[in-house]
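# Secondary and tertiary structure notes
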Amino acid sequence: MTSNPIAAAYPADARTLIVLGSGIAGLYAALLGAEAGAQVTLLTKGGLEESNTWFAQGGISAVLDEPAPGDTVAAHIEDTLKAGAGHCDPEAVRVLCTEAREDIAGLVRFGVRFDSDDDGDPALGLEAAHSAPRILHAGGDATGARVAAALIGSVLESRSAGRIRVVSRAHATSLVQTDGRISGVAYVQDGQPAIVQADAVLLATGGAGQLFAQTTNPSVATADGLALAWRAGAAVSDLEFFQFHPTCLVRPAGAPGGTEPLLISEAVRGEGALLLDAFGQRFMPDYHPDAELAPRDVVSRSIALHLAALGDPNGHVFLDATVIEAKRGSGFLEKRFPTISQRTREAGFDWTREPVPVAPAAHYWMGGVVTDLHGQTSVPGLYAAGEVACTGVQGANRLASNSLLEGLVFARRAVDAIVGAVDAVPLRAGSAAGGLPLTHAAGTPSTADGARPPSEYAGTEPFSRGALQRLMTAKAGVLRSGVLLAEAEAALDAWADGLLPAAGAASTDVRAHEDANLLLAAQLLVRAARARRQSLGAHYRSDTAAAPAVVDHSDKPHSMSPKASLVHD
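The notes below deal with the structure included here. (Residues numbered from 1 in each chain as written. Predicted model: local features only at pLDDT ≥ 70, side-chain atom pairs only at ≥ 80, totals over all residues. Heavy atoms only, no water.)

## With respect to the state of the cysteines
- Taken as a whole and assessed by the stated rule, the structure comprises 0 disulfides.
- Considering cysteine sulfurs only, Cys88 is the nearest to Cys97, which forms no disulfide, with 9.4 Å between them. (Disulfide = S-S within 2.5 Å.)

## Describing the pattern of salt bridges
- Taken as a whole and assessed by the stated rule, the structure comprises 26 salt bridges.
- For Arg470, the salt bridge identified is with Glu461, shortest N-O distance 3.4 Å.
- A salt bridge links Glu489 to Arg527; the shortest N-O distance between them is 2.9 Å. With Glu489 in helix 15 (residues 482-499) and Arg527 in helix 16 (residues 510-531), the pair connects residues that are 38 residues apart, well separated along the chain. Side by side, Glu489 and Arg527 carry an identical accessibility label, which is buried.
- Bridged by salt links that share partners, the residues Lys45, Asp224, Arg465, Glu514 and Asp515 form one connected network. (Salt bridge = Lys/Arg side-chain N within 4 Å of Asp/Glu carboxyl O. Helix = DSSP H or I, 4+ residues; strand = E, 2+ residues; numbered from the N terminus. Buried < 20%, exposed > 50% of the residue type's maximum accessible area, 1.4 Å probe, protein only.)

## Focus on the packing of helix 7 (residues 224-231) against helix 16
- Here helix 7 crosses helix 16 at 75°, and the two axes come no closer than 9 Å. Judged by the inter-axis angle, helix 7 sits roughly perpendicular to helix 16. Along its contact with helix 7, which presents Asp224, Leu226, Ala227, Trp230 and Arg231, the element helix 16 presents Glu514, Ala516, Asn517, Leu520, Ala521 and Leu524.
- Across the contact of helix 7 with helix 16, the residue classes tally to 7 nonpolar, 1 polar and 3 charged. (Axes fitted to C-alpha atoms, helices over the stretch in contact; angles between N-to-C directions. Parallel < 35°, antiparallel > 145°, perpendicular 65-115°, else oblique. Contact = heavy atoms within 4.5 Å. Nonpolar A, V, L, I, M, F, W, Y, C, P; charged D, E, K, R; others polar.)

## Some points on the sheet that holds strand 9 (residues 192-197)
- Taken together, the 3 strands give an open sheet; going across it, the order is 7-8-9, and neighbouring strands pair in antiparallel fashion. A strand with exactly one partner marks an edge of an open sheet, and here the two such strands are strand 7 (170-178) and strand 9. Going from strand to strand, the sheet's axes swing by 25° on average, the running direction of each strand aside.
- Examined bridge by bridge, strand 8 (residues 181-189) and strand 9 share 6 bridges and lie antiparallel to one another. Bridging from a neighbouring strand, Gly184 pairs with Gln197 of strand 9.
- Taken strand by strand, helix 16 contacts strand 7 and strand 8, and its axis lies near 65° from that of strand 7. (Pairing = 2+ DSSP bridges.)

## Re the pairing of strand 15 (residues 356-365)
- Most of strand 15 sits out of view: 10 of its 10 residues are buried.
- When strand 12 (residues 242-249) meets strand 15, the two strands line up antiparallel, connected through 6 bridges. Across the sheet, the residue bridging to Phe242 is Trp365, located in strand 15.
- In this sheet, strand 15 lies alongside strand 14 (residues 317-320) in antiparallel orientation, the contact comprising 3 bridges. Counterpart to Phe318 in the pairing with strand 15 is Pro357.

## Some points on the environment of Glu354
- Among the secondary structure elements, Glu354 is positioned in the loop between helix 12 (338-346) and strand 15.
- Under the relative-accessibility criterion, Glu354 is labelled partly exposed at 31%.
- Taking the C-alpha atoms as reference points, Glu354 and Thr322, 32 residues apart in sequence, are found 6.5 Å from one another.
- Excluding residues that lie within four positions of it along the chain, Glu354 makes contacts with Thr322, Gly348 and Phe349.
- A distance of 3.0 Å separates the side chain of Glu354 from the backbone nitrogen of Asp350, its partner in a polar contact. (Polar contact = N/O pair within 3.5 Å; in protein donor to acceptor, adjacent residues only side chain to side chain.)

## Here we look at empty space enclosed by the protein
- Enumeration over the complete set of coordinates arrives at 6 cavities of 30 Å³ or more.
- The space that makes up the largest cavity amounts to roughly 60 Å³.
- Looking at the largest cavity, the residues that line it are Phe242, Gln243, Phe244, Asp297, Ser300, Arg301, Gly477, Val478, Ala538 and Tyr540.
- Elements that contribute at least two residues to the lining of the largest cavity include exactly strand 12 and helix 9 (296-309). (1 Å grid on protein atoms, 1.4 Å probe; cavity = no way out; pocket = protein on both sides within 12 Å on 5 of 7 lines; lining within 4 Å. Points joined across faces, edges and corners; volume = space filled by probe spheres on them.)

Shown next as C-alpha cells:
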C-alpha cells in the first residue's frame, strides 16, 4: 500500500478522502475537502486538464441575486423539469436551482472570472429550452477551459501548501472494500499497481462518450467510474438516457485541423443560427414549435429523422451562423465564440461566410451511479458527483448548461457529508434518484421483439473499440428499436464472454481496463434501453409510442444493481 506523504500535517482524527477525476466536480470537491480539513488525495487518469469540463463551451446556468428581468429560481426549476420530460426528481432539481448561486460564488472564490457586460455586470446568455437569459460564460465559448484552469491553479496551490496530494496518470482499476465499506482505490501508474486507502471515495470520473463513433468527449471518457461502482455493488439508474449533441462539426476526409471532435455550442443557436439541409432548406420548424431552440434531444432526433427521410441516414446537415454575423455586425462571432471561430478556420471553414456541416454526437449521459442528495451511493463509503452520478436532476434529458452546475452543487454536498457537516442518511430506494427498488429483476432477454437469438451471433466480428463504437452508434444511438437493441445485446454478450475475464483488476494494461469498462457500460445501457419500451426524452424507440404527457408510476427512474452475468472481473 502506498502511503500519503502529507498525512503528518493532519490531526489523527482528520477524515481521509480520495477523489477520482479532475473535471469540475473532482477539482471543486478536492478544494472544498481540503478547506474543511480533510486529508485529500486527487487521482486523475491523465493530466489534470484531461476532462469533459475542459471542453465545455455552453456555460453554467444560475439565477443570481440580480437575475435577468423576469427570471426566477422557480422558472429555472420549471425549465429543468420540462427538459427532463417529467423524469426528474423534483427535490434534487430544487436543490440544484436554489443553491446554484452559492457555488457560483465558490468558483469566483477559487479564481474563476465570468464574462461581464458593458456595465460590469455578469453577462447572461440564453440557451435552448431556458425561458430567460441565465447562462454564465468565461472567455466566451471557452467556459469549461477557463473554469478548469482556475480550479487546477487552486489545486496546485493547495498541493504546494501540502493540503492536497495529486496523483496524475493513475488509472483506477478497482475499489477496495473492507467489511462491506469502500476503504480505498487500487490503481495503475506507469505500469505499476498501487493502492491508496481512505475513509471515503468520491467518484468524479465523468461520462462515456467513447461508447460511440462520434462524440464530443475526450479520449479519457471511458465509463471508468460507472464500471468501478457497478463491480463494487453500487446501484445504477437511467442508463438508457444518453444525450447526443445536435451540432458536432463534420470534417471532410483529409480536412486540416486534426481529428478531434468540435462541438458547436447550442449557444450559437441561442444567438440565432439556423439548421439547413443539403438543399438549403430550414427544417426544424417542421419538427418542433421551438425549432432550433428545442431541447437538444429533439434537435438531434429531428436531424436524424430528416436525414433518414432524405435517404442519407449517415449524412449531415448545415449550421448557418452567417445570419448572426449579418444581424450583430462583422466580428461578432469572433468575439462571442473565439474558440469555435478558430477551430472552424483550422478545419477549412469560414463560418462567418458559409454554413458548416454538422451531425449529432454522443455528448452526455443522464444516467449513472445512483446517489442521494448528498452524493452517497448505495455502497457505504462511496460517493459520486458530476456526470458519473445519477442524482435525479437531469431526468430523461439534460437542460443545457445544467451539467457543470450539477457537478458543483452535488460535489459540495458530498464533501459536506464526508466531513460530517451534515447528518449521513443511508441511501434508500425512494431517495434522490431512486423510485423503484435498487435491484434489477430483468432475466435473460427474450427474442419476442423480433431479434435473432444470441446463438446466431457466433460469427460477429472480433472485439475492438472501433467495432464497439460502430455497433453502439448503429443500434443504440439516436434512433433505436427493439430489434436493433436485442441484436446489440447479443453481440455485446458474445464479446464479453471472451474479453472481460482477461481484463481483471490485477491487469496493468490500462487500454484493456478501458475496453472492459466500455463493454460493461454498453451492456448496461442496452439492457436499460430494452427494458424501457416507450420513448422518453433522449431515449427514442421508433417501434413504440412516446410516453404519455402525464407521467405515471411506470416512468420512475429504473435502477439496477450488479447481476452475476455482467460481473466478469
